[in-house]
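# Breakdown of the fold
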Amino acid sequence: MNAIDLNVAFEVLFAQEQLLEQFHRRHIDSRSRGLDRHDGKSFAAVVDFELTIASKKCLSGEYKFTPYLEGLKVKDRFSPPRLISIPTIRDRVVLGQLNKVIKLTYPNESRTHLATEVVNRLSETVKSLDLDVTWTSGRDIKTFYDSINRTKLQKIIASKADRRAVALVYRAINTPTVPKTYRAIDKNKYRQEIGIPQGLPISNSLAAIYLYGVDEPMRQMPIDYFRFVDDVLLIGSETETAKAARSFAARIRARGLAIHKTGPKKGHHSPISIPFSYLGYIFDKSKVTVRESTVERLLQSLASKITDYKHNSERILQRKQFLTKDSLRDAFIDELNERISGAISGKRRYGWIAYFSQITDHSILFRIDAAIKSIFLRVGDLAPHAGSLKRFGRAIFEIRFRPNDGYVRNYDKFETHIQMLNFLVFRGEVDGAVALTAEQIIARFEAYKERQLTAMLADEAAMY
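Given the structure is predicted, the values throughout are model-derived calculations rather than measurements.

## Details of the nonpolar core
Formed by 57 residues in total, the largest nonpolar core has its most connected members in Phe14, Leu98, Ile157, Leu168, Leu206 and Phe248. Setting aside its immediate chain neighbours within four residues, Ile157 contacts Tyr106, Val166, Val169, Leu206 and Ile209. Core analysis: the next-biggest nonpolar cluster, separate from the first, contains 53 residues, Val119, Val290, Ile368 and Ile399 among them.

Structural data, given as structure tokens:
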């Protein structure tokens, strides 16, 4: 796009009507709360006023972000928690539109891939290799997001982007992330000079742009190059992988980043005949499996959902009085089944099954199915319906070979507002006795679908 086109795109995307549309389509049902403590429903009461002002300030280059709320994501007891930045609903709408501008400005550089897409390409590559002469080299970037040089990033963005987009990016990445106990007088205490906040709609796009100048030269080398966020894998001859590893380290250092030293957990250089791990998978020649800790995380997550239903169903029935015990149970089982079988939208696979569809060790799936059924049978009103519980063992076959046969939820097949309404009523998301316009039905369906797919992406991301 030329400068005039990008200027027009900015004007259109940050018009008041567009901000309001994005709020109603994607955020009105959001339960996430930023520093202002508004979730989607409470923000709806002031949305016209707030987004009218936001639009004017974005278009004039004066918009400022509210400090992000601190969220800590724990991986395990041995790793420090990851700091997640949670924006307000208003800021999330603005950041979502800003991400569209970034992607229009840098269509190639900002492109990101799902981890399953990377692993699928890796699996296909490994099948065709000569195991006797092939080596792998794994590298891991230290504290990637937290170490990105903001000045370098801003120069890259400023080289092509609309000046107002550059200003928004600058303010977004320099806005501090603060705890709940934050006081305005302490604002400067939480400011960081380097790194970009994790968890924002623009974070992944900016990180991809920052490393585009590393990725492209690496892909020109006589090796196979794989990168997902901060995890890098190089495949080729012993000599070429060693040379590529040195080249990668040098390019990373030039961007103010560093890689972990080669060791049992953070990097390796060895013949491909020796099992290696990448993105939570273990590659052992033609066998692809997962770590036991990965299986445990999946089971714990599903068990917590079943336990939550057991202890909170009465509270939900009080809040949604149009539901009965039977309809709530049926909706829960259907939603649980979707988390097991995954879903398809925009021809993409979502959920745990998308992760497990890459493995060849299917005995793991049958073990998972048995464990889930055992947990399911412990809940009195669920136990008689154990026969309707879906299975990973079958879902992996269906999503690979028969994705359109109905076992896997395919959101692309919802074409009419009547289909959407029936689905929302069955899932207990709307009262079937309340009249809704076609536009309202479509908006609520899209918001609910977005929420479900986001949750399934989070399920999938937790595995890597």
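## So, the environment of Leu279
Residue position: Leu279 is located in the loop between β8 (276–278) and β9 (281–284). Since its relative accessible area comes to 5%, Leu279 is described here as buried. With 96 residues separating them along the chain, Leu279 and Arg183 place their C-alpha atoms 39 Å apart.

## Describing the pairing of strand β3 (residues 135–140)
Within β3, 6 of the 6 residues are buried, which leaves the element mostly enclosed by the surrounding structure. Alternating positions in β3 separate into two faces, Trp135, Ser137 and Arg139 on one and Thr136, Gly138 and Asp140 on the other, with burial throughout. Taken together, the 6 bridges between β3 and strand β6 (residues 231–236) define a ladder with antiparallel strand orientation. Along β6, the bridge assignment pairs Trp135 with Gly236. Relative to strand β7 (residues 268–271), β3 runs antiparallel, the two sharing 4 bridges.

## Points about the sheet that holds strand β10 (residues 287–290)
Within a sheet, each strand pairs with its neighbour through backbone hydrogen bonds, oriented either parallel or antiparallel. The strand order β8-β9-β10 describes an open sheet built from 3 strands, whose pairing is antiparallel. Both outer strands of the open sheet, β8 and β10, are each paired with one neighbouring strand and no more. When the angles between neighbouring strand axes are averaged without regard to direction, this sheet yields 30°. Relative to β10, β9 is paired through 4 bridges, and the arrangement is antiparallel.

## Some points on helix α12 (residues 292–319)
With 28 residues, α12 extends 39 Å from end C-alpha to end C-alpha; this agrees with the ideal 40 Å at 1.5 Å per step. Along its length, α12 shows its largest kink, about 60°, at Asn312.

## Description of the sheet that holds strand β5 (residues 224–228)
Read from one edge to the other, the open sheet built from 4 strands follows the order β5-β6-β3-β7, with strand pairing classed as antiparallel. Looking at which strands have only one partner, the edges of the open sheet turn out to be β5 and β7. Within this sheet the neighbouring strands show an average axis-to-axis angle of 15°, counted without direction. Along the sheet, helix α10 (residues 203–219) contacts β5 and β6; its crossing angle with β5, the most-contacted strand, is approximately 165°. Helix-sheet contacts for helix α11 (residues 238–254) involve β3, β5, β6 and β7, and the interaxial angle to β6 is about 150°.

## Some words on the pattern of salt bridges
Evaluation of the coordinates by the stated rule reveals 26 salt bridges. The residue Asp39 makes a salt bridge to Arg33 at a minimum N-O spacing of 3.3 Å. The structure contains a network of salt bridges with shared partners spanning Asp334, Glu338, Arg409 and Arg427.

## A short note on the packing of aromatic side chains
Under the defined criterion, the tally for this structure stands at 20 aromatic pairs. Between Tyr281 and Tyr355, the aromatic rings sit 4.4 Å apart at their centres with planes inclined by 20°, giving stacked as the arrangement. With Tyr281 in strand β9 and Tyr355 in helix α14 (residues 352–356), the pair connects residues that are 74 residues apart, well separated along the chain. Residue classification places Tyr281 among the buried positions, given a relative accessible area of 0%. Residues Tyr411 and Phe423 carry aromatic rings whose centres are separated by 6.0 Å and whose planes lie at 85° to one another, so their mutual orientation is edge-to-face. Of the two residues, Tyr411 sits in the loop between β13 (409–410) and α17 (417–426) while Phe423 sits in helix α17, which places them 12 residues apart along the sequence.

## Digging into the side chain of Thr134
With respect to the secondary-structure elements, Thr134 resides in the loop between α6 (115–127) and β3. Those residues in contact with Thr134, other than ones at most four positions away along the chain, are Leu129, Ile235, Gly236, Pro271 and Ile272.

## Description of the packing of α10 against α11
Contact pair α10 / α11: the axes reach a minimum separation of 10 Å and the direction vectors enclose 160°. It follows that α10 is roughly antiparallel to α11 by the angle criterion. For the pair α10 and α11, the crossing hand works out as right-handed. The residues of α11 that touch α10, namely those facing Leu211, Val214, Pro217 and Met218, are Ala244, Ser247, Phe248, Arg251 and Ile252. In terms of residue class, the contact of α10 with α11 is made up of 7 nonpolar, 1 polar and 1 charged.

Cut-offs and rules
- Here the residue numbers are simple positions, counted from 1 along each chain's written sequence.
- Residue-level local features of this predicted model are given only where pLDDT is at least 70; pairs of side-chain atoms are given and counted only at 80 or more, and the full residue set underlies all totals for whole chains, interfaces and linings.
- The side-chain quantities take in all heavy atoms of the structure and omit both hydrogens and water.
- What makes a nonpolar core is a set of buried Ala, Val, Leu, Ile, Met, Phe, Trp, Tyr and Cys residues whose side-chain atoms join them at distances within 4.5 Å.
- Exposed residues in this analysis have more than 50% of their type's maximum accessible area, buried residues have under 20%, and partly exposed residues fall in between, with area computed by a 1.4 Å probe over protein chains only.
- In this description, contact between two residues means that some pair of their heavy atoms is separated by no more than 4.5 Å.
- Numbering of helices and strands runs from the N terminus, with a helix taken as a DSSP run of H or I at least four residues long and a strand as a DSSP run of E at least two residues long.
- At least two bridges found by DSSP between two strands are what make those strands a pair.
- Comment: axis = line fitted to C-alpha atoms, over the contacting stretch for helices; angle = value between 0 and 180 degrees taken between N-to-C directions.
- To estimate the expected span of a helix, subtract one from its residue number and multiply by 1.5 Å.
- Fitting axes to the seven residues that end at a residue and to the seven that start at it, the angle between those axes gives the bend at that residue.
- Any carboxyl oxygen of Asp or Glu within 4 Å of a side-chain nitrogen of Lys or Arg constitutes a salt bridge here.
- Put simply, two rings from Phe, Tyr or Trp (the six-membered ring, in Trp's case) pair if the centres are within 6.5 Å, and we call them stacked under 30 degrees between planes, edge-to-face over 60, tilted for the rest.
- Working definition: roughly parallel below 35 degrees, roughly antiparallel above 145 degrees, roughly perpendicular at 65 to 115 degrees, and oblique for all remaining angles.
- Crossings are classed by handedness, with left-handed meaning an anticlockwise turn of the near helix from the far one by less than a right angle and right-handed meaning a clockwise turn.
- Amino acids are sorted into nonpolar (Ala, Val, Leu, Ile, Met, Phe, Trp, Tyr, Cys and Pro), charged (Asp, Glu, Lys and Arg) and polar (every other residue, Gly among them).

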